[in-house]
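As a plain string of letters, each chain reads:
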Amino acid sequence: MQKFFDKFVDYLPHIVAALIIYIGGLIAMKIVIKIMNKGMNVKRVDKTLHKFVTSVVHVSMMVLILVMVLSALQVSTSSIIAAIGAAGLAIGLALQNSLSNVAGGFIILLTKTFKIGDYISINNVEGFVDSISILQTTILTMENKRVSIPNKMVTESIVINFTAQQKRRLELRFNIAYEDDHKKAMSIILAVLNTHPDIIDVPDEPMCVMEAHADSSIVLLMRAWLPTEKYWPTRYDVIQKVKEQFDREGITIPFNQVDMHIKNS
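Residues numbered from 1 in each chain as written. Predicted model: local features only at pLDDT ≥ 70, side-chain atom pairs only at ≥ 80, totals over all residues. Heavy atoms only, no water.

Peer 1: I keep staring at the pattern of salt bridges and nothing clicks. Help me out?
Peer 2: Should their charged atoms come close, side chains of opposite charge can pair. Counted according to the given criterion, the structure contains nine salt bridges. Measuring nitrogen to oxygen at the nearest pair gives 3.3 Å for the salt bridge that ties aspartate 237 to lysine 241. Here aspartate 237 pairs with lysine 241, and both are found in helix α7 (residues 231–249), just four residues apart, close to one helical turn. Residue classification places aspartate 237 among the partly exposed positions, given a relative accessible area of 24%. With a relative accessible area of 32%, lysine 241 lands in the partly exposed category. Among the charged side chains, a network of salt bridges with common partners joins Arg169, Glu171, Arg173, Glu211 and Arg223. (Salt bridge = Lys/Arg side-chain N within 4 Å of Asp/Glu carboxyl O. Helix = DSSP H or I, 4+ residues; strand = E, 2+ residues; numbered from the N terminus. Buried < 20%, exposed > 50% of the residue type's maximum accessible area, 1.4 Å probe, protein only.)

Pasting the structure below:
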């Protein structure tokens with residue numbers, strides 16, 4: 001016990017030094033990240049790049065602090081390097097998918113397929129991009145569900161970005177009865193579009209055409225441009241106003257109809 005106590009007393013300064021390095025390293029890391037965040041905020045760095053860089057710096061500094069702590073504990077530097085190399089190899093073999101996700105995160109940032117705040121669709125999952133970390137992309141759906149998708153899957157999937165452009169085209173179809181005046185119905189739709197405050201005439205003016213003769217109705221197709229951020233409220237508003245105008249003007253929206261012919265034997 002005396003020998004153990006003597007060795008512990010001799011080793012105690014190294015333990016204290018390791019604790020000081022660890023605590024000081026955590027404080028330094030917080031200061032560095034805080035300064036970095038302020039700098040990126042001043043330069044208005046994209047939120048996607050901001051969060052991704054912050055997470056990379058955090059992980060890198062934690063590894064550096066760990067190496068310094070082991071060195072303070074008199075662990076051989078060559079042993080540390082060998083251990084890191086062996087651990088890196090083992091982790092690389094065990095976590096191939098995770099490394100692919102890290103690479104996928106960098107690809108997302110470099111290609112700028114989407115950014116935080118965009119409304120996207122990946123593998124039939126739609127929602128607003130909440131964050132892009134080293135390993136995964138997080139999406140908040142319209143129902144406020146949190147969906148995490150590995151970055152590798154994101155880069156290998158078809159991504160639809162609904163908010164990438166400042167303008168978006170609204171496309172709706174309205175069915176009317178064959179007995180109704182289709183020209184009158186088309187003029188009603190155009191009147192709703194031309195008087196709506198969020199509909200714009202660039203790059204094209206609003207249009208309405210007869211698209212098809214369906215089984216039970218005539219299909220009228222309308223197209224119009226509007227600011228992307230106004231898409232959903234304008235879409236719902238146009239549908240409601242067209243229905244109200246159809247009711248006032250006697251234009252009917254028919255149900256599916258089937259003609260039956262009874263043949264006497």
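Peer 1: Mind showing me how you'd approach the sheet that holds strand β2 (residues 125–132) here?
Peer 2: Strand pairing within a sheet occurs via backbone hydrogen bonds; the two strands may be parallel or antiparallel. Taken together, the five strands give an open sheet; going across it, the order is β4-β3-β2-β1-β5, and neighbouring strands pair in antiparallel fashion. Looking along the sheet, the strands with just one partner apiece sit at the ends: β4 (146–150) and β5 (159–161). Within the sheet, the average angular offset between the axes of one strand and its neighbour, ignoring direction, is 40°. Bridge count between strand β1 (residues 119–122) and β2: four bridges; the pairing is antiparallel. Directly across from serine 121, in β2, lies its bridge partner glutamate 126. (Pairing = 2+ DSSP bridges. Axes fitted to C-alpha atoms, helices over the stretch in contact; angles between N-to-C directions.)

Peer 1: Would you explain α7 in this entry?
Peer 2: Spacing of three or four residues puts side chains on the same side of an α-helix, whose turn is 3.6 residues. Here α7 spans 27 Å end to end across 19 residues, near enough to the 27 Å set by a 1.5 Å rise per residue. The set of residues buried in α7 consists of Tyr231, Thr234, Val238, Val242 and Phe246. Summarising the axial view, the buried residues of α7 lie within an arc of 100°, below the 170-degree limit, and thus occupy one face. Turned more than 90 degrees away from the buried face of α7 sit Pro233, Tyr236 and Arg248, all of them exposed. In the core, the buried residues of α7 are packed alongside β6 (167–176), α6 (182–194) and β8 (218–227). (Expected span 1.5 Å × (residues − 1). Arc of directions from axis to C-beta. Contact = heavy atoms within 4.5 Å.)

Peer 1: Please explain the side chain of threonine 141 as it appears in this structure.
Peer 2: Mapped onto the elements, threonine 141 comes out in the loop between β3 (136–140) and β4. Apart from the residues lying within four places of it in its own chain, the contact partners of threonine 141 are Glu126, Gly127 and Val147.

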